[in-house]
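# Report on the structure
The chain contents come next:
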Amino acid sequence: MGYQATIGLEIHVEMKTKSKMFSSSPVGFMQEPNTFTTPYDLAFPGTMPVPNKQAVINAIRVCHALHMTIDNELHFDRKNYFYSDLPKGYQITQDKRPIGRDGYLDINGERVEIERLHMEEDTAKQLHFPKFTLLDYNRAGIPLIEIVTRPCIHSADVAAKYVETIREIVSFLEVSDGKMEEGQLRCDVNVSVKKDSDKNLGTKVEVKNINSFNHIKIALEYEIQRQIKAIESNEKIIQETRRYDEENKATKSMRVKTDSVDYKYFPEDNIIPIKLSQKFIDDAIKTSNELASEKRVRYKVKFNLNDYDISIILSSLPLANYFDECAKKSKYYKTIANWLIVDIMAYLNKNAISINEFKITPEMLVELINEKESGVISNKIAREIFAYMLENNVNCKTAKQRLNITGQTSDDKAIRDLVIEILNNNEQSIKDYHAGKDRALGFLIGQVMKKSGGKVNPSLTSKIMVEELNRRK
Amino acid sequence: MSYLDLTILDLHKALVEKKVTPLELVKEAIDRLKKDDNNAVEYLMEKEAIELATNIGEIEVDNPVWGIPFAIKDNFSTKDVPTCGSSDMLKGYVPVYNATIVEKLLKKKAIPVAKVTLDELAMGGTGATGHLGKTYNPYDPSHKKMMGGSSCGSASVVASGIVPFALGSDTGDSIRKPASYGGLVGFKPSWGRISRYGLFPFTPSLDAAGYFTRSVKDAAMLLSIVAGEDKNDFTSSNKPVENYVDNIDKPIKNISIAVIKEIVESISNETIINQFKETLKIYQNLGAKINYVSMDKHLLQTLFPTYYIMSCSEATSNNANLDGIKFGPYFDGTTYIEAMKNARTKGFSERIKRRFIIGSYSLMKENQNELFLRAAKNRHKIVDEVNKILKTNDVIFLPASPTTAAPFDNKVDQLKDEYLIADNYMVIANFAGLPSITIPCGFENDLPFGFNLTGRAFEESKLLNIAKALEDKLPYYNLSVRSKK
């Protein structure tokens, strides 16, 4: 008997705007508790919400990336409920008219339908102790976007890849760093399982508390198997909220859902509806960063990079930015990719730093690569210079001077003199060459390189060597 | 007569002429507040006021509020000064910021001398429901008559001649009704004209900050000072602030004044009706046109229920921060839910809880359509009707209340038109966001009553001009208990 799982996802993304969604308080992550607040964030009586323009621009950009219809008017509503982490006793959100509707993302050839995207404000963070709970209001009021899919995903793989793609989108748009571990991207999943033969969907179970990308797939696969097993042993699936238990790689029941909560939504009258002109929306989109998916196509079609290289370069925005900076100044795209992926990544990993902390700027790297590619220096020398640049934090030119590297000789006369000298001392190799032994040519060129200390241009040397050999036929 | 008994602008003259100093004024106001027996004070700002008056510096000739003492309704946030909205729920709460309207007056060196009472959290119209009990109407020394509310303390101290002006707030008629009972000018400008930042919210789409004065000109002058766009209040208007005194004495010839028949007809008090007719004659003599217009009586009967459902619904949400954890007294509990339940059960009065329950009920999914949304739709219907009247008329003119100040133990039939219509129609100005002013127009048995003028949105200048024209023809300029004696 076959089964089909149906998955829907709700993703909350914390934006890294300068100020909060409705207050002028700066946004700060991992700061001293209760230092990034204004009276509004603590719900002091009489304070009022003022919407954050940049948050709106961000939301428009994400909507666009998700192929959504963008509303031309902004409406906010109150979601009313009492909870200890909710300062005002209500959250300002967008209920009736979310800024984005009806979008999609294509994941592994499957279309994930996105029902809505809306803006809202985050709650305070609770720090639980055995006998009491402390509240940190730094998080209260940080802008959130919530992205809700339709129940249209049928595999853990696609679900996990979808979340990964959302992370990629928000981080490349610089809307959020999207770090799940730090709660900047939070994901609630609804899963149900039905027999292939059943018409209706099975009972929906919500899984919360998945706080790492790696856990999404594991949690979903576990939950799907759990539900299949339950169906097979004729157990009833209970509509409930479960949480992911990292230690046991399993989902655990949190609470059974009775009637859904009535949030008594109604319009937020302290924010009059805001007209979004087509120009405002267009400008937000026009000035938006290039998406990873767009870069992927550009790297492949224009730069001719392979999929592996592309995936490494696009693994983070700073890395991609570094690559793009280099690619603006040099057309040796593949070489840049190689240096970035092999030499630079090795260095970053070894020193446990990010590309942002890397001292060699794109300009400095490009200077080195251009010298090598135009044949001024050999690959071996280039690596020597690179090592020196890293160690001494100097540019290519200075490194060359200090290392006393004058550069590869492309001087025809000087190379020819060297070639003649080597040929005079290797009669046997000349004979071998004329006898059709190709190895002899390589040997002779190697001798020239050795003699010169690697400072002759290899292709020019090769050309001259062949000329001189042919003269001695 | 003391200088303190003057209107703001007359008092300003005395200050300029150095006949009196701000410190003398403040000391006298504090003295009167201490002697006052109308239970109008939440917090006496004695120390703060004397310090401000002492360090005020040189007289500013062009600044009419320089050194003028005033009172603040206790639902305006005042930095470092306790603000409780006359509710036990906020007893001991000391805000960390000033409401914008307060901040603007402080910048202009007006001197607040007291935070004054209101109906608990501004929800009420009697001035009897604050946590300190009844605030009395100074016109009735026997303390049987109400001041009206919710801005009872503000009305009381201005009517007593303790201060020349006081800040109030108006969601249904909370400034304009007590102004009628207290023989005062009570003014609420257009929605968005004065920033609401720092005003404890009751029903944000209806709430307006305003004030009581003893002259229309004072009201006009104050508006130029406290109006304007505020970055902290997204709903504040960016329309330029005018000099509202400039046009205040313009002739009102050819002005069209609408009188809504059904509202006048629902009033039974003959003194009020006769005086109303007299004032209409005054307007006619000044060259104004009086137009009797009609409004659907059934629609008028829905004013109060519409207001009640809207305001109770929003009030539940606006006061949800008062949960005993963030704000309000902490009454233990084993869970956060228990702690919140305890705080909200013990902290709010029964009246407030009743409103919250009605509001909550109206917002429930299964009731929203029938109650909350229906009220919202009806509001628009009412607004359309009123704006139709104002399309062809400059103002609507009506008695501000069907009676003089009612006794506290008054039993009214809440289903009679006199209550449903005449006692509650002023909410029209809140529904439509219109500027509206009550001015004193007569007395019955030593108790004052006022009439109300409501104009087009953001046409405060014209409204004040029309109000002043009537004030000039009546003997009630600078009316207070003291000047009356």
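Residues numbered from 1 in each chain as written. Chains lettered and ligands numbered in written order. Predicted model: local features only at pLDDT ≥ 70, side-chain atom pairs only at ≥ 80, totals over all residues. Heavy atoms only, no water.

## Here we look at the overall build of chain B
The number of helices and strands found in chain B is 19 helices and 11 strands. In terms of overall dimensions, chain B is globule-like: its C-alpha atoms have a radius of gyration of 21 Å, near the 23 Å expected for 485 residues. C-alpha atoms of chain B, sized along the principal axes, occupy 70 × 55 × 45 Å. The proportion of buried residues among the 485 residues of chain B is 65%. Pairs at least 24 apart in sequence give 77% of the contacts found in chain B among residues at least 6 apart. Counting only carbon and sulfur atoms, one obtains 51% of the accessible surface of chain B, whose full area is about 18,000 Å². (Helix = DSSP H or I, 4+ residues; strand = E, 2+ residues; numbered from the N terminus. Rg over C-alpha atoms; globule rule 2.2 N^0.38 Å. Buried < 20%, exposed > 50% of the residue type's maximum accessible area, 1.4 Å probe, protein only. Contact = heavy atoms within 4.5 Å. Areas by Shrake-Rupley, 256 points an atom, 1.4 Å probe, with all protein chains shown as cover.)

## A short note on the packing of helix 2 (residues 22-35) of chain B against helix 3 (residues 46-54) of chain B
Residues and elements named next belong to chain B. Helix 3 packs onto helix 2 with a crossing angle of 165 degrees between their chain directions and a minimal axis gap of 8 Å. Taken together, helix 2 and helix 3 sit at an angle that is classed as roughly antiparallel. Crossing angle aside, the handedness with which helix 2 passes helix 3 is right-handed. Across from Pro22, Leu23, Val26, Lys27, Ile30 and Lys34 in helix 2, the residues of helix 3 making contact are Glu46, Ala49, Ile50, Ala53 and Thr54. The class makeup of the residues in the contact of helix 2 with helix 3 is seven nonpolar, one polar and three charged. (Axes fitted to C-alpha atoms, helices over the stretch in contact; angles between N-to-C directions. Parallel < 35°, antiparallel > 145°, perpendicular 65-115°, else oblique. Left-handed = near helix turned anticlockwise from the far one by under 90°. Nonpolar A, V, L, I, M, F, W, Y, C, P; charged D, E, K, R; others polar.)

## Things to note about a nonpolar patch on the surface
Residues and elements named next belong to chain A. A cluster of nonpolar side chains, contributed by Leu127, Phe129, Phe132 and Leu134, occupies part of the molecular surface with about 350 Å² of accessible area. Mapped onto the elements, Leu127 comes out in strand 8 (residues 125-128). For Leu127, a relative accessible area of 32% puts it in the partly exposed group. (Patch = residues over 30% accessible without salt bridge, like charges linked within 9 Å, V, L, I, M, F, W, Y side chains within 5 Å. Salt bridge = Lys/Arg side-chain N within 4 Å of Asp/Glu carboxyl O.)

## Thoughts on the nonpolar core
If you look at the biggest cluster of nonpolar residues, it comprises 162 residues, and the most contacted ones within it are Val157, Leu167 and Tyr283 of chain B. Sequence-distant contacts of Val157 of chain B, that is, excluding residues within four places in its chain, are made with Leu33, Ala40, Ala71, Val116, Ile162, Val163 and Ala166 of chain B. With 72 residues, the next largest nonpolar core counts Ala65, Val175, Val191 and Ile228 of chain A among its residues. (Core = buried A, V, L, I, M, F, W, Y, C linked by side-chain atoms within 4.5 Å.)

## Quick word on the environment of Leu9 of chain A
All names here are of chain A. Relative to the elements of secondary structure, Leu9 occurs in strand 1 (residues 3-14). The exposure class of Leu9 is buried, given its relative accessible area of 0%. Between the C-alpha atom of Leu9 and that of Cys152, which follows or precedes it by 143 residues, the distance is 9.4 Å. Aside from chain neighbours lying at most four places away, what touches Leu9 is Ile147, Val148, Thr149, Ile153, Ala159, Tyr162, Val163, Cys187, Asp188 and Val189.

## Re the sheet that holds strand 10 (residues 436-444) of chain B
Residue and element names in this part refer to chain B. If you trace the 11 strands from one edge of the open sheet to the other, you get 1-3-2-4-6-5-10-11-9-7-8, paired in mixed fashion. With one partner strand each, in any of the chains shown, strand 1 (41-44) and strand 8 (289-293) form the two edges of the open sheet. Here the strands of the sheet are splayed against their neighbours by 30 degrees on average, with no regard to which way each runs. Pairing of strand 10 with strand 11 (residues 447-455) involves eight bridges; the strand directions are antiparallel. Across the sheet, the residue bridging to Pro440 is Gly450, located in strand 11. Against the sheet, helix 5 (residues 152-159) contacts strand 2 (69-73), strand 3 (111-116), strand 4 (165-170) and strand 6 (208-213), and its axis sits at roughly 155 degrees relative to strand 4. Each of strand 7 (256-260), strand 8, strand 9 (395-399) and strand 11 is contacted by helix 15 (residues 372-392), which is oriented at about 115 degrees to strand 9, the strand it contacts most. (Pairing = 2+ DSSP bridges.)

## Quick word on helix 2 (residues 156-172) of chain A
Residues and elements named next belong to chain A. Compared with the 24 Å implied by 1.5 Å per residue over 17 residues, the 24 Å span of helix 2 between its first and last C-alpha is a close match. Here helix 2 lies mainly inside the structure; 14 of its 17 residues are buried. After helix 2 finishes, the residue Glu174 shows a positive phi value of roughly 55 degrees. (Expected span 1.5 Å × (residues − 1).)

## What to know about the layout of surface pockets
All names here are of chain B. The calculated volume of the second largest pocket comes to roughly 1,300 Å³. Gly125, Thr126, Val412, Gln414 and Tyr419 are the residues nearest the centre of the second largest pocket, which is lined by 43 residues in total. Listing elements by their share of the lining of the second largest pocket, those giving two or more residues are helix 6 (176-182), helix 11 (303-318), helix 13 (350-363) and helix 16 (417-422). Across the lining of the second largest pocket, the residue classes tally to 19 nonpolar, 13 polar and 11 charged. (1 Å grid on protein atoms, 1.4 Å probe; cavity = no way out; pocket = protein on both sides within 12 Å on 5 of 7 lines; lining within 4 Å. Points joined across faces, edges and corners; volume = space filled by probe spheres on them.)

## Some words on the packing of aromatic side chains
Evaluated as defined, the whole model comprises 31 aromatic pairs over all chains. Between Tyr83 of chain A and Tyr336 of chain B, the ring centres sit 4.8 Å apart and the planes meet at 80 degrees, which makes this aromatic pair edge-to-face. Separated into two different chains, Tyr83 of chain A in the loop between strand 4 (77-80) and strand 5 (90-93) and Tyr336 of chain B in helix 12 (residues 336-347) make up a pair that spans both. Note on Tyr83 of chain A: relative accessible area 30%, which makes it partly exposed. Classification of Tyr336 of chain B by relative accessible area gives partly exposed; the value is 26%. Ring pairing ties together the aromatic residues Phe276, Tyr283, Phe397, Phe449 and Phe451 of chain B, which thus form one cluster. Seen from the ring of Tyr90 of chain A, Arg78 of chain A lies directly overhead, with NZ or CZ sitting 4.1 Å from the centre. (Phe/Tyr/Trp six-rings, centres within 6.5 Å; stacked < 30°, edge-to-face > 60°. Lys NZ or Arg CZ within 6 Å of the ring centre and 35° of its normal.)

## Considering empty space enclosed by the protein
By the definition in use, this model includes four cavities of 30 Å³ or more. Counted as a void, the largest cavity has a volume near 230 Å³. Around the largest cavity, the lining is made up of 23 residues, and of these Pro45 and Gly46 of chain A together with Pro201, Asn318 and Asn321 of chain B lie nearest the centre. In terms of residue class, the lining of the largest cavity is built from 13 nonpolar, seven polar and three charged.

## Regarding the state of the cysteines
All names here are of chain A. Across all of its chains, the model carries zero disulfides over all chains by this definition. Left unpaired, Cys187 is separated from the closest cysteine sulfur, that of Cys152, by 13 Å. The exposure class of Cys187 is buried, given its relative accessible area of 2%. (Disulfide = S-S within 2.5 Å.)

## Details of helix 13 of chain B
Along its 14 residues, helix 13 of chain B runs 20 Å from first to last C-alpha, staying within 8% of the 20 Å computed at 1.5 Å per residue. Among all positions of helix 13 of chain B, only Ile352, Lys353, Arg355, Phe356, Gly359, Ser362 and Leu363 of chain B are buried. Of the surrounding elements, those touching the buried residues of helix 13 of chain B are strand 15 (266-267) of chain A together with helix 11, helix 12, helix 14 (365-368) and helix 15 of chain B.

## With respect to the pairing of strand 8 of chain A
Residues and elements named next belong to chain A. Relative to strand 9 (residues 133-136), strand 8 runs antiparallel, the two being bridged by four bridges. Paired with Lys125 across the bridge in strand 9 is Asp136. Turn length for the strand 8-strand 9 hairpin, with the two strands adjacent in sequence and antiparallel, is four residues.

## Overview of the interface of chain B and chain A
Accessible area lost upon the coming together of the parts serves often as the stated size of an interface. Of the residues lining the interface, 37 residues belong to chain B; the matching set on chain A comes to 33 residues. Summed over both partners, the interface of chain B with chain A comes to about 2,900 Å²; 64% of that surface belongs to carbon and sulfur atoms. The tally of links from chain B across to chain A stands at 15 residue pairs in polar contact (both at pLDDT 80 or more). Put simply, the parts of the chain that give the side of chain B that touches chain A at least two residues each are helix 11, helix 12, helix 13 and helix 14 of chain B. Considering only residue class, the side of chain B that touches chain A consists of 19 nonpolar, 10 polar and eight charged. (Buried area = accessible area lost by both parts, 1.4 Å probe. Polar contact = N/O pair within 3.5 Å; in protein donor to acceptor, adjacent residues only side chain to side chain.)

## Considering the environment of Leu223 of chain B
All names here are of chain B. Checked against the element boundaries, Leu223 lands in helix 7 (residues 216-226). When the C-alpha positions of Leu223 and Lys188 are compared, they lie 9.8 Å apart, and in sequence the two are 35 residues distant. For Leu223, the contacting residues outside a window of four places in its chain are Phe187, Pro189, Arg193, Ile194, Tyr211, Val241, Tyr244 and Glu460.

## Re the confidence of the model for chain B
Segments scoring low in pLDDT should not have their predicted coordinates read at a detailed level. With 100% of its residues at a pLDDT of at least 70, chain B reaches an overall mean of 96. Scoring of the predicted complex yields 0.90 for pTM and 0.95 for ipTM. (pLDDT = per-residue confidence, 0-100.)

## Comments concerning the side chain of Glu146 of chain A
Residue and element names in this part refer to chain A. Among the secondary structure elements, Glu146 is positioned in strand 10 (residues 143-149). Lys79 provides the closest opposite charge to the buried, salt-bridge-free Glu146, at an N-O distance of 5.9 Å. Of note is the side chain of Glu146, whose polar atom sits 2.9 Å from the side chain of His12. When sequence neighbours within four positions are dropped, the list of residues in contact with Glu146 reads Glu10, Ile11, His12, Arg116, Leu117, His118 and Glu120. (Lys, Arg positive; Asp, Glu negative; His and termini not counted.)

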